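The chain contents come next:
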Amino acid sequence: MTGIIILVIAGVIVIWGVATYNKLVSLRMNVKEGFSTIDVFLKKRYDLIPNLVEIVKGYAAHEKETLQNVVQARGNAISSSPEDKSKYEGELSNALSRLLMISENYPDLKADNQFINLQKELQNIESEIEKSRRYYNGTVKNLNKTVQSVPSCIIASLFKFKEEPFFELENPEERENIKVKF
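As a convention, each chain's residues are numbered from 1 in the sequence order in which they are written. Only residues with pLDDT of at least 70 get local features here, since the model is predicted, and only at 80 or more are side-chain atom pairs given and counted; chain-wide, interface and lining totals rely on the full set of residues. For the side-chain quantities, the full set of heavy atoms in the structure was used; hydrogens and water were omitted.

- Identification of the protein chain as Protein LemA from Terrisporobacter glycolicus ATCC 14880 = DSM 1288 is taken from an unreviewed UniProt entry.
- UniProt positions are given in the numbering used here, feature names are shortened, and annotations may be inferred rather than shown by experiment. The UniProt entry for the protein chain carries this comment under Subcellular location (unreviewed entry): "Membrane".
- Recorded in UniProt under Sequence similarities (unreviewed entry), the annotation for the protein chain is "Belongs to the LemA family."

This is the structure:
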């Protein structure tokens, strides 16, 4: 009788361990999917920036430093590691904000249809990036909570599941979307 009870308890522990492991795998995949989604929208933004810079360059040639800052920030963001991604994305957002503020000084630029369309597209992409960051951070929260919680932390440590970092911006000003004015 004691043997049967031990077998039942061992079976329950094994089933629980397998279920917890599968849950951790699923949560980790959600985090990867969330980060991948952010990358897709960031790539769209990276592809849009050269067009925006070229249009502004045509109207505001003497704003060379601002244009160079945008190009530099874009390059840093593209080549950054996943761990540094949020830092460089914040720098890029700031540089884009300064670029878009230039348009206030150039009425012809503000009226350019191509510039207006690019601003709208950038605004839509920024909105999608914000949603993607929210989703990613939600999945990271779920994974981290499971990795830290007892008793699932036992399985997490056995199979080397670790906490993932949130997609956070270091500068509070970077938390806001780029403001596009028409």
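Picking up where we left off.
**Considering the overall build of the protein chain**
Here comes step 1: Secondary structure is summarised from DSSP: a helix means a run of H or I of at least four residues, a strand means a run of E of at least two, and numbering begins at the N terminus for each. When its secondary structure is counted, the protein chain shows six helices and zero strands.
Here comes step 2: For the radius of gyration, the atoms used are the C-alpha atoms, and the globule rule reads 2.2 Å times the number of residues raised to 0.38. For 182 residues, the compact-globule formula gives about 16 Å, and the C-alpha radius of gyration of the protein chain, at 23 Å, lies well above that figure.
Here comes step 3: Expressed as lengths along the three principal axes of its C-alpha atoms, the size of the protein chain is roughly 90 × 25 × 25 Å.
Here comes step 4: With 182 residues in all, the protein chain has 38% of them scored as buried.
Here comes step 5: Any two residues whose heavy atoms approach within 4.5 Å are treated as being in contact. The long-range share in the protein chain, meaning contacts at least 24 apart out of those at least 6 apart in sequence, stands at 77%.
Here comes step 6: Note on areas: these come from Shrake-Rupley sampling with a 1.4 Å probe, and a residue is covered only by the protein chains present in the view. Taken as a whole, the protein chain presents about 10,900 Å² of accessible surface, with 56% of it coming from carbon and sulfur.
Here comes step 7: Counted charges follow a simple rule, with Lys and Arg positive, Asp and Glu negative, and His plus the chain ends left uncounted. Taken as the charge location is NZ of Lys, CZ of Arg, CG of Asp or CD of Glu. Positive and negative charge centroids in the protein chain, built from 24 and 24 side chains respectively, lie 6 Å apart. Burial status follows relative accessibility: with a 1.4 Å probe on protein chains alone, a residue under 20% of its type maximum counts as buried, one over 50% as exposed, and anything between as partly exposed.

**Overview of the confidence of the model for the protein chain**
Here comes step 1: Here the protein chain shows a mean pLDDT of 88. Residues at 70 or above account for 92%.
Here comes step 2: Within the protein chain, the lowest mean pLDDT, 81, falls on helix α4 (residues 107-111), and the highest, 96, falls on helix α6 (residues 152-158). Residue-level confidence of the predictor is what pLDDT reports, using numbers from 0 through 100.

**Quick notes on the nonpolar core**
Here comes step 1: Among the buried residues, those of types Ala, Val, Leu, Ile, Met, Phe, Trp, Tyr and Cys that are joined through side-chain atoms within 4.5 Å form a nonpolar core. Formed by 40 residues in total, the largest nonpolar core has its most connected members in Leu52, Val56, Leu96 and Leu99.
Here comes step 2: Broken down by secondary-structure element, the contributors of at least two residues to this core are α1 (2-59), α2 (64-79), α3 (85-102), α5 (113-148) and α6.

**Concerning the packing of α1 against α3**
Here comes step 1: Fitted lines through C-alpha atoms serve as axes, helices being fitted only where they are in contact, and the angles separating the N-to-C directions of these axes extend from 0 to 180 degrees. Interhelical geometry of α1 versus α3 gives an angle of 30 degrees and a closest axis separation of 12 Å. It follows from the interaxial angle that α1 and α3 lie roughly parallel. The crossing of α1 and α3 is left-handed. Across the interface between the two elements, Phe35, Asp39, Leu42, Arg45, Tyr46, Ile49, Leu52, Val53 and Val56 of α1 pack against Lys85, Glu89, Leu92, Ser93, Leu96, Leu99, Leu100 and Ile102 of α3.
Here comes step 2: Side-chain classes follow a simple rule in which Ala, Val, Leu, Ile, Met, Phe, Trp, Tyr, Cys and Pro form the nonpolar group, Asp, Glu, Lys and Arg form the charged group, and the remainder, Gly included, forms the polar group. By residue class, the composition of the contact of α1 with α3 is twelve nonpolar, one polar and four charged. Any angle from 65 to 115 degrees is called roughly perpendicular, while one under 35 is roughly parallel, one over 145 is roughly antiparallel, and all others are oblique. Note on convention: near helix rotated counterclockwise from far helix by under a right angle means a left-handed crossing. Clockwise means right-handed.

**Examining the packing of aromatic side chains**
Here comes step 1: Any pair of Phe, Tyr and Trp rings, taking the six-membered ring for Trp, is counted once the centres come within 6.5 Å. Such a pair is stacked with planes under 30 degrees apart, edge-to-face with planes over 60 apart, and tilted for the rest. Going through the model one piece at a time under the given rule, you end up with five aromatic pairs.
Here comes step 2: When the ring of phenylalanine 35 is compared with that of phenylalanine 167, the centres are 6.4 Å apart and the planes differ by 45 degrees; the resulting orientation is tilted. Highlighted residues: phenylalanine 35 in helix α1 and phenylalanine 167 in the segment after α6, separated in sequence by 132 residues. We note that phenylalanine 35, like phenylalanine 167, is buried.
Here comes step 3: An aromatic cluster of at least three residues, connected via ring pairs, comprises Tyr21, Phe159 and Phe161.

**Some words on the UniProt feature "transmembrane region" (unreviewed entry) in the protein chain**
Here comes step 1: Per the UniProt record, "transmembrane region" (unreviewed entry) is annotated on residues 6-25.
Here comes step 2: Annotated as 100% helix and 0% strand, the span residues 6-25 places its first and last C-alpha atoms 28 Å apart.

**Considerations on α2**
Here comes step 1: Here α2 contains 16 residues, and its C-alpha end-to-end distance of 23 Å stays within 8% of the 22 Å for a straight helix at 1.5 Å per residue.
Here comes step 2: Within α2, burial applies to Thr66, Leu67, Val70, Ala73 and Ala77. Looking straight down α2, one finds that the buried residues subtend no more than 125 degrees of arc, so they occupy a single side. Residues of α2 that are exposed and point over 90 degrees away from its buried face: Lys64, Glu65 and Ser79. What a helix is expected to span follows from its residue count: subtract one and scale by 1.5 Å. Each direction from the helix axis to a C-beta atom contributes to the arc, which is the arc of those directions.

**Points about the pattern of salt bridges**
Here comes step 1: Should a side-chain nitrogen of Lys or Arg be within 4 Å of a carboxyl oxygen of Asp or Glu, the pair is scored as a salt bridge. Enumeration over the complete set of coordinates arrives at seven salt bridges.
Here comes step 2: A salt bridge links arginine 134 to glutamate 130; its shortest N-O distance comes to 3.1 Å. Of this pair, arginine 134 and glutamate 130 are both found in helix α5, four residues apart, which corresponds to roughly one turn of the helix.
Here comes step 3: Residue class for glutamate 130 comes out partly exposed when judged on its relative accessible area of 34%.
Here comes step 4: Salt bridges sharing partners connect three or more residues here, namely Arg45, Glu89 and Glu126.

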